Amino acid sequence: LLHTVDLMVHPSTSPEPFARTLIEAMLAGHPPIASACGGIPELIESETNGFLFPPGDALALRAIVQRLLASPDELARVSQ
């Protein structure tokens, strides 16, 4: 199923030591958009191999999603 989506969002509000779904999204060629909590910031360098936003900040999440949908080139760059 991950090969059929354009974006993968992991909006966890509680710290997770390791989010397997983020690795699976990256393997499918989709940069994850995830809340910066728990071990996630150790896995994702924002705007390099994915995107981070503050936990619970729906406006920041919306801004990232809107930006990526409006800029397929940026999405493709980070997907690489």
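Residues numbered from 1 in each chain as written. Predicted model: local features only at pLDDT ≥ 70, side-chain atom pairs only at ≥ 80, totals over all residues. Heavy atoms only, no water.

Asker: Where do I start with the sheet that holds strand 3 (residues 51-53) in this structure?
Answerer: Either a parallel or an antiparallel arrangement is found when strands of a sheet pair, and the pairing is made through backbone hydrogen bonds. Spatially, three strands are ordered 1-2-3 in an open sheet, and the strand pairing comes out parallel. Each having just a single partner strand, strand 1 (8-10) and strand 3 make up the two edges of the open sheet. Geometrically, the sheet is characterised by an average inter-axis angle of 20° between neighbouring strands, direction not taken into account. Sitting on the sheet, helix 1 (residues 20-27) is in contact with strand 1 and strand 2 (32-35), with an inclination near 165° to strand 1. (Pairing = 2+ DSSP bridges. Helix = DSSP H or I, 4+ residues; strand = E, 2+ residues; numbered from the N terminus. Axes fitted to C-alpha atoms, helices over the stretch in contact; angles between N-to-C directions. Contact = heavy atoms within 4.5 Å.)

Asker: What exactly am I supposed to notice about the pairing of strand 2 here?
Answerer: Because side chains alternate across strand 2, one face comprises the buried residues Pro 32 and Ala 34, and the other comprises Ile 33 and Ser 35, equally buried. Taken together, the three bridges between strand 2 and strand 3 define a ladder with parallel strand orientation. Paired with Ala 34 across the strands is Leu 52, a residue of strand 3. (Buried < 20%, exposed > 50% of the residue type's maximum accessible area, 1.4 Å probe, protein only.)

Asker: Which parts of the structure should I look at to understand the packing of helix 3 (residues 58-70) against helix 4 (residues 72-79)?
Answerer: When two helices pack together, their arrangement is given by the angle between the helix axes and by the axis-to-axis distance. It is at 5 Å that the axes of helix 3 and helix 4 come closest, and there the two elements cross at 100°. Between helix 3 and helix 4, the angle is such that the two are roughly perpendicular. On helix 4, the residues that touch Arg 67, Leu 68, Leu 69 and Ala 70 of helix 3 are Pro 72, Glu 74 and Leu 75. Residue classes in the contact of helix 3 with helix 4 are distributed as five nonpolar, no polar and two charged. (Parallel < 35°, antiparallel > 145°, perpendicular 65-115°, else oblique. Nonpolar A, V, L, I, M, F, W, Y, C, P; charged D, E, K, R; others polar.)

Asker: It is not clear to me how the environment of Thr 48 should be interpreted in this structure. Could you clarify?
Answerer: Structurally, the position occupied by Thr 48 is in the loop between helix 2 (40-43) and strand 3. By relative accessible area, Thr 48 is classed as partly exposed at 43%. Once the C-alpha coordinates of Thr 48 and Ala 70 are considered, the two residues, 22 residues apart in sequence, prove to be 18 Å apart.

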